[in-house]
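# Examination of the molecular architecture
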Amino acid sequence: MNTSPASSGPTVRDATYALLRGLGMTTVFGNPGSTELSMFLDFPRDFRYVLGLQESVVVGMADGFAQATRNAAFINLHSAVGVGHAMGAIFTAYRNRTPLLITAGQQARGILPFDPFLSSVRATELPRPYVKWAVEPARAEDVPRAIARAYYLAMMPPRGPVLVSVPADDWNMPADWVQPRRVSRALRPEPALLAEIAAALNAARKPAFVVGAAIDRDGAWDATVQLAEAHQARVFHAPMSGRCGFPNHHPLFAGYLPPMRERIVERLTGHDFVLVIGAPAFTYHVDGQGPFLPAGTTLGQLIDDPEIAAWAPEGSAVLCSIGLGLQDLQVLSSPPARTPPPPRLLPARAEPPAPGERMSVAYVLQTLAEVRSPDSIIVEEAPSARPVMHERLPILQAETFHEMCSGGLGFGMSAAVGVALAQPDRRVIALIGDGSAMYTIQSLWNAAQAKLPIAFVILKNRRYAALQDFAPQFGFAPGAKVEGSALPDLDFVALAAGHGVAGRRIDDATQLREALQLALCATGPTLLEVEVN
Ligand SMILES: Cc1ncc(C[n+]2csc(CCOP(=O)(O)OP(=O)(O)O)c2C)c(N)n1
Ligand SMILES: [Mg+2]
């Protein structure tokens, strides 16, 4: 392969690195192969390469990193097979609305007609429909411009992943420099429709808000609190949200909505107007019956995603960036005097287990809530523990909570690493189920290599509890065997050691508090395998 540039001007590689530098993307997440190697010739010294040991880990780390830096993350994958391994994590990033600029290797242009080893025959079709744009540029010299276009598209609302397929010999070809441009990243709401929603909110007797992930993604946490306080609105959290949109200890907070139609209607009953901010209305997990809203309730929605605005079964939807939408709504807001809603009932304290019994998840999370600092960042993937977490582990500050919006396991372990890489001064707590941990367990190696201050707390119940809990809904008799849901003989302390992370097994409730405290002040990563019932 020819590795010398055809002229003395910049190569595709030079122009690409200069562009990435200008766009603030000097971290490359990847797993390389021969079709990508020439990209890394003379790798610039101000860039860092973060190697993921499997592509799900690569994309998951980049997802967490992009969310925590509020910029697109740059990824390089190995042609078809690397993109294939990454596909579940790309789907999750698409659902999370995370901007990811993915480049994928491709065979050299000269041999593409001969279906060569490692080529990706339909490189731009493979990641669809879970990328906003995919391209294999017509000429080598078009690659830097395609990367620029991909970046701006990824960063435009609704944000998401994009993919550029780059033939191996393109990197050494001549190209022009591409200067970064100022391209809009936010949407202002349509004034007339927003005014209708403001009028309905002002006129409401008992308004409620339903808040979602887009609030936190858009830095609109304070604006939401202000508007809720001004209107004395009860604030529910939307179901299945990847980020947290409201302080969980606020007196107006009314808890998390379940992803079930009837239960949502039940919870919203008594509110004549519901304002949904930065969330779908609504995310369901199981089929439901009956109305979508309580009788007599009307709904307004601020959302940055045209798809979500379009499919909502009820109400008026304003397409806008959440920060700008709330800003404009604030101007139109003239709340009448309203009595504050009654505070939410909190659960009784969880008790430690009787001797010889395993700890409850409630007890573990309650203890974690007591010992963690409010600015520590929780990354959660522990499906059956989630409702318990909503009650026992309140999220207190903006940008301190992540889970995936997709339902695809494998995000948590790797995203925790990405968040920690982006915010090395913060403590990250990865709260992960024993089943979920195994989808991207290699993330432990990244945490160890980069000495990241992550406390991995593995909730070990030796099973896929969420599936067992769900089974009765699908006709299983209570307690009936659910095939493929038992997880015997996994040893997370050994797995941690095998990846270079210090681990400890906690099966005695009296050791839990001290073990958590130690993990939360360790200089590097630690793993606690906590035996729960
Ligand atoms: C990639 C992927 N495969 C399978 C599933 C189905 N699934 C949903 S919850 C779950 C169990 C998770 O187990 P664990 O992390 O141990 O949490 P627990 O249910 O025990 O709380 C599975 C397998 C999924 N959501 N994503
Ligand atoms: Mg489990």
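Higher on the page you've got the structure.
To keep things clear, this report deals only with the structure shown in the data block. (Residues numbered from 1 in each chain as written. Chains lettered and ligands numbered in written order. Predicted model: local features only at pLDDT ≥ 70, side-chain atom pairs only at ≥ 80, totals over all residues. Heavy atoms only, no water.)

### With respect to the side chain of Asp170
Turning to its location among the elements, Asp170 is positioned in the loop between β6 (161-167) and α5 (191-203). In terms of polar contacts, Asp170 uses its side chain to reach the side chain of Arg109, at 2.8 Å. Leave out the neighbours within four places in its chain, and Asp170 touches Val12, Arg109, Ala140 and Val143. (Helix = DSSP H or I, 4+ residues; strand = E, 2+ residues; numbered from the N terminus. Polar contact = N/O pair within 3.5 Å; in protein donor to acceptor, adjacent residues only side chain to side chain. Contact = heavy atoms within 4.5 Å.)

### Points about the sheet that holds strand β15 (residues 428-433)
What the six strands build is an open sheet, ordered β14-β13-β15-β16-β18-β17; its pairing is parallel. This sheet does not close on itself; its edge strands, each paired only once, are β14 (401-402) and β17 (502-506). By the bridge criterion, five bridges tie strand β13 (residues 377-381) to β15 in an arrangement that is parallel. The residue of β15 that forms the bridge with Ile378 is Ile429. (Pairing = 2+ DSSP bridges.)

### Comments concerning the coordination of the magnesium ion (ligand 2)
In an ideal tetrahedron of four donors about a metal, each angle is 109.5 degrees. In an ideal octahedron of six donors, the angles are 90 or 180 degrees. Surrounding the magnesium ion (ligand 2) are the protein donor atoms Asp434 (OD), Asn461 (OD1) and Arg463 (O), at 2.1 Å. The motif formed by the donor residues of the magnesium ion (ligand 2), counted along the single chain, is D-x26-N-x1-R. Of this pair, Asp434 sits in helix α14 (residues 434-437) while Asn461 sits in the loop between β16 (454-460) and α16 (465-470); the two residues are 27 residues apart in sequence, bridging distant segments of the chain. In this pair, the class of Asp434 matches that of Asn461, namely buried. (Donors = N, O, S within 2.8 Å, 3.2 Å for Na, K, Ca; no water. Buried < 20%, exposed > 50% of the residue type's maximum accessible area, 1.4 Å probe, protein only.)

### Here we look at the nonpolar core
Core analysis: the biggest nonpolar cluster contains 62 residues, and Phe209, Leu275, Leu302 and Val530 have the highest contact counts within it. When neighbours within four sequence positions are excluded, Leu302 is seen to be in contact with Leu194, Val276, Ile277, Gly278, Ala279, Val318, Cys320, Ile322, Gly325, Leu326 and Leu329. Judged by nonpolar contacts, the second largest core, of 52 residues, contains Val58, Ala68, Val83 and Val379. (Core = buried A, V, L, I, M, F, W, Y, C linked by side-chain atoms within 4.5 Å.)

### Quick word on the site of ligand 1
Close to ligand 1 lie 16 residues, the nearest being Ser384, Gly407, Asp434, Ser436 and Ala466. Within the contact set of ligand 1, an oxygen atom lies 2.7 Å away from a backbone nitrogen or oxygen of Gly435. Here an oxygen atom of ligand 1 and a backbone polar atom of Ala465 are 2.9 Å apart. For ligand 1, the protein covers 78% of the area, taking 580 Å² as the surface of the free molecule. The residue makeup of the shell around ligand 1, split by class, is seven nonpolar, seven polar and two charged. (Near = heavy atom within 4 Å. Areas by Shrake-Rupley, 256 points an atom, 1.4 Å probe, with all protein chains shown as cover. Nonpolar A, V, L, I, M, F, W, Y, C, P; charged D, E, K, R; others polar.)

### Side note on the sheet that holds strand β5 (residues 134-135)
The parallel open sheet is built from six strands, whose spatial order is β2-β1-β3-β4-β6-β5. Whereas interior strands pair on both sides, the edge strands pair on one side only; in this sheet they are β2 (48-51) and β5. Of the pairings in the sheet, the one linking strand β1 (residues 27-30) to strand β3 (residues 73-77) comprises three bridges and is parallel in character. Its bridge partner lying in β3, Phe29 is registered against Ile75. Relative to β3, helix α2 (residues 55-69) is tilted by about 170°, and along the sheet it contacts β1, β2, β3 and β4 (100-106). (Axes fitted to C-alpha atoms, helices over the stretch in contact; angles between N-to-C directions.)

### A word on the packing of aromatic side chains
The final tally for this structure, using the stated rule, is 13 aromatic pairs. Ring geometry for Tyr17 against Phe47: centres 5.0 Å apart, planes inclined by 80°, an arrangement best described as edge-to-face. Here Tyr17 is found in helix α1 (residues 12-22), whereas its partner Phe47 is found in the loop between β1 and β2, with 30 residues between them in sequence. Judged by its relative accessible area of 7%, Phe47 falls in the buried class. Residues Phe40 and Tyr49 carry aromatic rings whose centres are separated by 5.2 Å and whose planes lie at 85° to one another, so their mutual orientation is edge-to-face. On the basis of relative accessible area, Phe40 is assigned to the buried category, the value being 16%. Looking at Tyr49, the relative accessible area reads 27%, which means it is partly exposed. Taken together, the ring pairs connect Tyr17, Phe40, Phe43, Phe47 and Tyr49 into an aromatic cluster. (Phe/Tyr/Trp six-rings, centres within 6.5 Å; stacked < 30°, edge-to-face > 60°.)

### Quick word on α5
Over its 13 residues, α5 extends 18 Å from the first C-alpha to the last, a length consistent with the 18 Å expected when each residue adds 1.5 Å. Buried within α5 we find Leu193, Leu194, Ile197, Ala198, Leu201 and Asn202. Contacts made by the buried residues of α5 are with β7 (207-211), α7 (221-231), β10 (273-277), β11 (298-303), β12 (316-319) and α10 (322-332). (Expected span 1.5 Å × (residues − 1).)

### Comments concerning the pattern of salt bridges
Tallied over the entire structure, the rule returns 21 salt bridges. The partner of Glu370 in a salt bridge is Arg349, with the nearest N and O atoms 2.9 Å apart. Separated by 21 residues along the polypeptide, Glu370 in helix α11 (residues 361-371) and Arg349 in the loop between α10 and α11 bring together distant segments of the chain. Judged by its relative accessible area of 54%, Arg349 is exposed. The network of salt bridges with common partners includes Lys460, Asp491, Arg505 and Glu529. (Salt bridge = Lys/Arg side-chain N within 4 Å of Asp/Glu carboxyl O.)

### Side note on the pairing of β11
Counting buried residues in β11 gives five out of six residues, a clear majority hidden from the surface. One ladder, built from five bridges, connects β10 with β11; its direction is parallel. When the bridges of β11 are listed, Val274 appears paired with Leu299. The pairing of β11 with β12 spans four bridges and is classified as parallel. Residue pairing in the sheet places Gln301 in a bridge with Ala317 of β12. Once the chain exits β11 it traverses helix α9 (residues 306-311) before rejoining the sheet at β12, and the crossover so formed is right-handed. (Right-handed = clockwise from strand over helix to strand, strands pointing away.)

### Side note on the pairing of β6
Of all seven residues in β6, seven are buried, a share of seventy percent or more. Residue alternation in β6 divides its side chains into two sets, Pro161, Leu163, Ser165 and Pro167 and Val162, Val164 and Val166, and both sets are buried. Where β4 lies against β6, seven bridges are found, and the strand directions are parallel. Bridging from a neighbouring strand, Gln106 pairs with Pro167 of β6. One ladder, built from two bridges, connects β5 with β6; its direction is parallel. By the bridge assignment, Val135 is partnered in β6 with Val164.

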